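Structural features, examined
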2 protein chains.
Amino acid sequence: MVSSENHDPQVCEVFRQAIELIGRRWTGAIVSVMLKGATRFCEIRDAIPGISDRLMSERLKELENNGVVVREVIDSRPPQVSYRLTEKGEALGPVLDSVSVWAAEW
Amino acid sequence: MVSSENHDPQVCEVFRQAIELIGRRWTGAIVSVMLKGATRFCEIRDAIPGISDRLMSERLKELENNGVVVREVIDSRPPQVSYRLTEKGEALGPVLDSVSVWAAEW
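These notes cover the structure that comes with them. (Residues numbered from 1 in each chain as written. Chains lettered and ligands numbered in written order. Predicted model: local features only at pLDDT ≥ 70, side-chain atom pairs only at ≥ 80, totals over all residues.)

1. Observations concerning the relation of the copies chain B and chain A
Turning chain B through 180° and shifting it by 0.0 Å along the axis lays it on chain A, with an RMSD of 0.0 Å. This pairing of chains is accounted for by a two-fold axis. Every residue of chain B has its C-alpha some distance from the rotation axis, and the shortest such distance is that of Gly23(B), at 1.8 Å. Most of the interface of chain B is mirrored in chain A, where 100% of its interface residues are also at the interface. (Least-squares fit on C-alpha atoms with pLDDT ≥ 70 in both. Contact = placed C-beta atoms within 7 Å.)

2. Overview of helix H4 (residues 53-65) of chain B
In a regular helix each residue adds 1.5 Å, so 13 residues correspond to 18 Å; H4(B) covers 18 Å between its end C-alpha atoms and thus fits that length. Trailing H4(B) by a residue or two, Gly67(B) shows a phi angle of about 75°, which is positive. (Helix = DSSP H or I, 4+ residues; strand = E, 2+ residues; numbered from the N terminus. Expected span 1.5 Å × (residues − 1).)

3. Notes on the interface of chain B and chain A
Contact residues are listed per partner, giving 37 residues for chain B and 37 residues for chain A. Of all the secondary-structure elements, those providing two or more residues to the side of chain B that touches chain A are helix H1 (9-23), helix H2 (27-35) and helix H6 (93-105) of chain B. In terms of residues, the side of chain B that touches chain A owes the most to one element, H1(B), which gives ten residues. Residue classes in the side of chain B that touches chain A are distributed as 22 nonpolar, seven polar and eight charged. (Nonpolar A, V, L, I, M, F, W, Y, C, P; charged D, E, K, R; others polar.)

4. Looking at the environment of Met34(A)
Residue and element names in this part refer to chain A. Mapped onto the secondary structure, Met34 falls in helix H2 (residues 27-35). Residues Met34 and Val101, 67 residues apart in the sequence, show an inter-C-alpha distance of 19 Å. Sequence-distant contacts of Met34, defined by excluding residues within four places in its chain, comprise Ile44, Tyr83 and Leu85.

5. Details of the packing of H2(B) against H6(B)
All names here are of chain B. Contact geometry for H2 and H6: axes closest at 11 Å, N-to-C directions at 115°. Taken together, the axis directions place H2 and H6 in an arrangement best described as roughly perpendicular. Crossing hand, H2 versus H6: left-handed. Mapping the contact onto sequence places Gly28, Val31, Ser32 and Leu35 in H2 and Gly93, Leu96 and Val99 in H6. Partitioned by chemical class, the residues of the contact of H2 with H6 number four nonpolar, three polar and no charged. (Axes fitted to C-alpha atoms, helices over the stretch in contact; angles between N-to-C directions. Parallel < 35°, antiparallel > 145°, perpendicular 65-115°, else oblique. Left-handed = near helix turned anticlockwise from the far one by under 90°.)

6. Concerning the nonpolar core
Core analysis: the biggest nonpolar cluster contains 48 residues, and Ala18(A), Val99(A), Ala18(B) and Val99(B) have the highest contact counts within it. For this core, the secondary-structure elements that each account for two or more residues are helix H1 (9-23), H2 and helix H6 (93-105) of chain A together with H1, H2 and H6 of chain B. Filtering out sequence-adjacent residues up to four positions away, Val99(A) remains in contact with Gly28(A), Phe15(B), Ala18(B), Ile19(B) and Val95(B). (Core = buried A, V, L, I, M, F, W, Y, C linked by C-beta atoms within 7 Å. Buried ≥ 20, exposed ≤ 12 C-beta atoms within 10 Å, placed from the backbone.)

7. Overview of H6(A)
All names here are of chain A. Here H6 is 13 residues long and its end C-alpha atoms lie 18 Å apart, about the 18 Å a rise of 1.5 Å per residue gives. When we look at burial in H6, the residues that qualify are Val95, Leu96, Val99, Ser100, Trp102 and Ala103. All buried residues of H6 fall inside an arc of 165° around its axis, so they share one side. Turned more than 90 degrees off the buried face of H6, the exposed positions are Ala104 and Glu105. (Arc of directions from axis to C-beta.)

Structural data, given as C-alpha cells:
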C-alpha cells in the first residue's frame, strides 16, 4: 500500500508542472547554457547543437511566461536583446546538477 | 561569452535524454509514487489523479526500456504483475526531491 501522507493534490500538480517544464525538449539545455553565462540569443543557440531558431524562441517565451527567464531590450542602435535568468531560474542550478549526476552515473 | 569547457557533446546528449525522459508527461509522477512504495499497476494509477490506463502502460514501458523499472510476473493463479524500480530508478530519488524543493519554493 502507498501511504497517502504528503499526497496533497495541489503539491502534486505544482511538481508535475515543474518537472514537465524542465523536461520539455531543449528547455533543460537552454537553462544549463544560461547558467554558464550565455545571455544573447545566438550565444545560447550556438551552444546547443541541433536546436532551431524557431524552437529556441518558443522555449525562451515559455520560460519567460513561467518567470524563469527575463527578456531585456537595450535601447541602442541597433537595439540589443538579452536574456537572463531570474532568481527562480538561477534556483534551477541544483536541479539540473542532480540530473547531470544521475545521467552521468547511469 | 560562454566557456566551452565541459561542453562534451556526448555528455550533453546524455543529459538531454535524461531530463527529457524524467520530464515526459506523468513520468515524474509515476517514479515518485513508486519511490513511495507502489508496485501494482492499479496502486500506481490510483495515486496519480488524471492518468489513463493507456498512458500509464506506455510510460511504464518506456521506463522499462530505459532500465528504470522492471516488470515482474509472479506465476500464481491468476498471474500477478508487479513493477519495481531498478537501482537506476531508485537513484532518481534525489533528482525528484530537488525538483520538489524548487517547485515548492517557486
